[in-house]
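Residue-level structural notes
Residues per chain, in single letters:
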Amino acid sequence: MLTIGLTGGIGSGKSQVASWLADWGASVIDADVLAHDLTAAGGGAMGAIEARFGRAAVSPDGALDRRWMREHVFADPSARADLEAILHPRIRATMEALGQQAQGPYVVAVVPLLVESGQWRGRVDRVCVVDCDPDTQVRRVMQRSGLTPEAIGRIMSAQASRADRLAVADDIILNDGATDLAALQQRTRHLHDGWCRLSDARVVHGHFNQT
Ligand code: ADP
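Residues numbered from 1 in each chain as written. Predicted model: local features only at pLDDT ≥ 70, side-chain atom pairs only at ≥ 80, totals over all residues. Heavy atoms only, no water.

Let's talk about the overall build of the protein chain
On a plain count of helices and strands, the protein chain comes out with nine helices and five strands. Sequence-ordered secondary structure for the protein chain, helices as α and strands as β, is β-α-β-α-α-α-α-β-β-α-α-α-β-α. In terms of C-alpha radius of gyration, the protein chain reaches 18 Å, essentially the compact-globule figure of 17 Å for 211 residues. Along the three orthogonal principal directions, the C-alpha set of the protein chain runs to about 55 × 40 × 30 Å. In the protein chain, of all internal contacts separated by at least 6 residues, the share reaching a separation of at least 24 is 74%. As displayed, the protein chain has an accessible area near 10,800 Å², and 52% of this comes from carbon and sulfur atoms. Of the side-chain charges in the protein chain, 22 are positive and 25 negative, and the distance between the mean point of each set is 1 Å. (Helix = DSSP H or I, 4+ residues; strand = E, 2+ residues; numbered from the N terminus. Rg over C-alpha atoms; globule rule 2.2 N^0.38 Å. Contact = heavy atoms within 4.5 Å. Areas by Shrake-Rupley, 256 points an atom, 1.4 Å probe, with all protein chains shown as cover. Lys, Arg positive; Asp, Glu negative; His and termini not counted. Charge placed at Lys NZ, Arg CZ, Asp CG, Glu CD.)

Here it is as structure tokens:
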């Protein structure tokens, strides 16, 4: 099935875009949700996480101690790489399995780190970037989460730059500080209609399931 990789920095508007695409019939699979499931109590990554990071990484209830891990990986890039090496293959495997069962005109894989981790680009047919200026990202995330500008800045500096994302985009949804929700929805709808046409064309021309 046609697979769109949807990405963008924190606060760019990915979740908003993905929720409209789901309303319009696309199958949306969110890497953050899968990561959360894998690191819940009894989740499929918890054994490997405890083996690598020790009991300190695990809360008393058996789930990942998210605060401990956040501080640990920010202080130590190799710890971050190890955590990603545990989580990313498991997320990809689950996404592929879910994608094969998916219904609807196309699949949307919401992957915040799609540009950063090179494994994703070959697995999607198109990369769609929700594009936003950094000041607006900080403002939105502060409103949503109450994190400090410094904490948000640390998250953003660990993510790809705006230019890096745009360089790999097949489709771009501009959602900067001057974009209201109606304009965002209109742009998203335009792309959705195009992806539906693309999906139809692939079925008609016998390219179904080929990239
Ligand atoms: P992401 O998933 O990329 O982190 P979200 O979709 O959660 O970003 O958007 C961050 C916050 O900003 C949300 O509260 C969302 O409703 C809001 N938001 C996003 N785009 C706009 C916009 N164009 N106008 C107003 N609010 C917006």
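From this point, the narrative continues.
Things to note about the packing of aromatic side chains
The relative placement of two aromatic rings is captured by the distance of their centres and the angle of their planes. All told, the structure shown has two aromatic pairs when counted by the stated rule. Arranged with centres 5.5 Å apart and planes meeting at 75°, the rings of Tyr 106 and Trp 195 form a pair that is edge-to-face. Here the residue Tyr 106 occupies a position in the loop between α5 (77-101) and β3 (107-110), and Trp 195 occupies one in helix α9 (residues 181-204), the gap between them amounting to 89 residues. No difference in accessibility class separates Tyr 106 from Trp 195, as the two residues are buried. Between the NZ or CZ atom of Arg 52 and the centre of the ring of Phe 53, over which it lies, the distance is 4.4 Å. In this structure, Arg 92 is placed above the aromatic ring of Trp 120, and the distance from its NZ or CZ to the ring centre is 5.8 Å. (Phe/Tyr/Trp six-rings, centres within 6.5 Å; stacked < 30°, edge-to-face > 60°. Buried < 20%, exposed > 50% of the residue type's maximum accessible area, 1.4 Å probe, protein only. Lys NZ or Arg CZ within 6 Å of the ring centre and 35° of its normal.)

Brief notes about the environment of Arg 121
Relative to the assigned elements, Arg 121 resides in the loop between β3 and β4 (126-131). According to the relative accessible area criterion, Arg 121 is partly exposed, its value standing at 44%. Placed 57 residues apart in sequence, Arg 121 and Leu 64 show a C-alpha to C-alpha distance of 28 Å. Excluding its chain neighbours within four sequence positions, the residues that come into contact with Arg 121 are Leu 114, Val 127 and Val 168.

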